[in-house]
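# Observations on chain architecture
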Amino acid sequence: MQTGTAAVERVFREEYGRLIASLVRRFGDIDIAEEAAGEALVTALEKWPTSGVPPNPGGWLTTTAANRAIDRIRREKLRDSKHQAALMTHDDTPHEPTGPVQDDRLRLLFTCCHPALAPEARIALTLRLLGGLTVPEIAQAFLVPETTMGQRITRAKKKIAAANVPYRVPEAEDLPERLGGVLTVLFLVFNEGYLASGDGDPVRVELTGEAIRLVRILRQLLPDEPEVLGLLAMLLLTDARREARVRQGQLVPLTEQDRAGWDRALITEGHQLVRQCLGINRPGRYQILAAINAVHTDAPSADDVDWSQVVALYGQLARLDDSPIVALNRAVAIAELDGPGVALALVDRLPLAGYHAWHATRADLLRRLGRTAEAKTAYDEALAATENSAERAYLARKRGELV
Amino acid sequence: MTNYLMSVHGPAEMEEFGNYGSKEAMEEAFAATGAFNDQLKADGYWVFAGGLQSGSTATVVDGQGEKPVVTDGPYLETKELIGGFWVIDVPDLDVALKLAAAASKACRGKVEVRPFDGLA
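Residues numbered from 1 in each chain as written. Chains lettered and ligands numbered in written order. Predicted model: local features only at pLDDT ≥ 70, side-chain atom pairs only at ≥ 80, totals over all residues. Heavy atoms only, no water.

## A short note on the domain arrangement of chain A
All names here are of chain A. Split by domain assignment, chain A resolves into domain 1 (5-91), domain 2 (103-222) and domain 3 (320-403). With centres defined by C-alpha atoms, the gap from domain 1 to domain 2 works out at 21 Å. On the side of domain 2, 15 residues touch domain 1, which itself brings 15 residues to the contact. In total, about 1,300 Å² of surface goes out of reach between domain 1 and domain 2, with carbon and sulfur atoms giving 54% of it. Counting the surface domain 1 buries against domain 2, the share from its top three residues, Arg13, Tyr16 and Ile30, is 39%. The salt bridge involving Glu34 is made with Lys157; its shortest N-O contact spans 2.4 Å. Looking at the side of domain 1 that touches domain 2, the elements that each hand over two or more residues are α1 (5-27) and α2 (30-51). Among the residues making up the side of domain 1 that touches domain 2, the classes are represented as five nonpolar, three polar and seven charged. (Domains from an automatic or database assignment. Contact = heavy atoms within 4.5 Å. Buried area = accessible area lost by both parts, 1.4 Å probe. Salt bridge = Lys/Arg side-chain N within 4 Å of Asp/Glu carboxyl O. Helix = DSSP H or I, 4+ residues; strand = E, 2+ residues; numbered from the N terminus. Nonpolar A, V, L, I, M, F, W, Y, C, P; charged D, E, K, R; others polar.)

As structure tokens, then:
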């Protein structure tokens, strides 16, 4: 059987998080794990194209990488007791996860998202170690120079080793808060992909796709955590609208989107998850956001959206999270229910002058109120606050339509 | 096990009653810190701890030249200095951070947690 380089790399990428996580557990060191994984890839690229992909590629990669790691430790005569101990141990742990909380990837995910690490480092480390993205890919996704991203990741790994950040799923009493940190990281990865902050591609599917993949893994590992289900539902229902959201390089607002272009399979799955959350009845931030998205995706047309339910859900969310961003989104829904004047009064009170969406919302409300001159100024401010090309194109068109 | 320094940062100059505001508040903080120390010892995490006199009592010595140069004052002229510290010996950073949270509450100050490269 012939196997091309691309196929080998795809398998490697799929298995990367599991591979690194099991090597980190075994050798207690991220650098050793990454290097050994890299060597296993080189070997796979040599062998698989002629011998074919082995029946259990993940197991093959793990065994090969572990042997390389042991070789390296022997070669370098690392005297550290931890490494010596690893050498002595015969690892008979099966490659497949043995139970939800035992999974090595879950431990590593909690390590990558540890609150002692800088927030931007948590995102980068998660994409690197669990997503298997390369440093150049992550640097490109976040529009920072490769050296900066490399240093950020190296520094975080050094802190994990030196400060002894554990590879462990937190204890039950700490789990809700620490899980919140993990969900935040995965949500931010998705957001950066869905409305990229730079002037490159307006949507970065490598980030949205990776975030969904990692949340799906998290759901397998913690199948009964309603906030995990909620985040997955929210991401699926948002991603379902991706194709309809940009038309000819311009962002299309939700109410103007062609609903026939939405991905029905993702919507069905998202709605099922929302129903599952309702059954568990332990509401939380992501579940409420998922429910809001479910209301939107449930309506056959923009005129059929049940805005009173959307406003009620945002009210529920605002009680959990008093951030001005939630208040802004609530005001957008209130504009549909009570009119743009009521909404503008709410929006103007919010301390969000540095946020492009605040200016864009004000611009839209002022336009609807016929306050054209003020609307133009607000569109200009919104344009100055975002580099996303699709959003800029949309804002420029709306501004140009004002007479 | 890893050793960590937990250092408490506070104003460089002490007011009356330390920086606690009143005699009662100071005594409460001392009692809470004492209780925290007892718990550290009971849990087997204790290595060493102490409170420091104010920054103005510090002296800097540079012995790298031929003759030592002695200078009055703390090494860095800042508004905030280390006021006291613990050295602990715990399994990992999660344990250290939990202890730091309790230490911070007890002594009424922010606590910096930093791993040792090694202990002599």
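## Quick word on the pairing of strand β4 (residues 69-72) of chain B
Residues in a regular strand point their side chains to alternate faces of the sheet. Residues and elements named next belong to chain B. Bridge count for strand β3 (residues 59-62) against β4 is four bridges, and the pairing is antiparallel. Within β4, the residue paired with Val60 across the bridge is Thr71. Count of turn residues in the β3/β4 antiparallel hairpin: six residues. (Pairing = 2+ DSSP bridges.)

## Focus on the packing of helix α10 (residues 205-221) of chain A against helix α11 (residues 226-239) of chain A
All names here are of chain A. Two elements in contact, α10 and α11, have axes whose closest approach is 9 Å; the angle formed by their N-to-C orientations is 150 degrees. The angle between α10 and α11 places the two elements in the roughly antiparallel class. Of the two elements, α10 crosses α11, and the hand of that crossing is left-handed. Note on element contacts: α11 touches α10 through Val228, Leu229, Leu231, Leu232, Leu235, Leu236 and Asp239, opposite Thr208, Ala211, Ile212, Val215, Arg216, Leu218 and Arg219. In terms of residue class, the contact of α10 with α11 is built from 10 nonpolar, one polar and three charged. (Axes fitted to C-alpha atoms, helices over the stretch in contact; angles between N-to-C directions. Parallel < 35°, antiparallel > 145°, perpendicular 65-115°, else oblique. Left-handed = near helix turned anticlockwise from the far one by under 90°.)

## Thoughts on the interface of chain A and chain B
Taken together, the contacts link 11 residues of chain A with nine residues of chain B. Roughly 770 Å² is buried in total at the junction of chain A and chain B, and carbon and sulfur atoms are behind 45% of that figure. When residues of chain A are sorted by the area they lose upon contact with chain B, Ala163, Asn164 and Arg168 of chain A head the list and together hold 48% of the total. In this assembly, chain A and chain B are joined by five salt bridges. The closest approach of N and O atoms between Glu173 of chain A and Lys98 of chain B, which form a salt bridge, is 3.6 Å. Our count for the chain A to chain B interface comes out at eight residue pairs in polar contact (both at pLDDT 80 or more). Tallied by class, residues from the side of chain A that touches chain B come to five nonpolar, two polar and four charged. (Polar contact = N/O pair within 3.5 Å; in protein donor to acceptor, adjacent residues only side chain to side chain.)

## With respect to the packing of aromatic side chains
Given two aromatic rings, one states the distance between the centres and the angle between the planes to describe the pair. Residues and elements named next belong to chain A. In this structure the tally under the stated criterion is seven aromatic pairs over all chains. Seen in terms of ring centroids, Trp48 and Trp60 are 5.2 Å apart; in terms of plane orientation they differ by 65 degrees. Their pairing is edge-to-face. Residue Trp48 is located in helix α2, and its partner Trp60 is located in helix α3 (residues 57-76); the two are separated by 12 residues in the primary sequence. The partly exposed category is assigned to Trp60, whose relative accessible area is 22%. Cation over ring: Arg245 sits above Tyr194, and NZ or CZ is 3.7 Å from the ring centre. The ring of Trp358 is capped by Arg362, whose NZ or CZ atom sits 5.4 Å from the centre of that ring. (Phe/Tyr/Trp six-rings, centres within 6.5 Å; stacked < 30°, edge-to-face > 60°. Buried < 20%, exposed > 50% of the residue type's maximum accessible area, 1.4 Å probe, protein only. Lys NZ or Arg CZ within 6 Å of the ring centre and 35° of its normal.)

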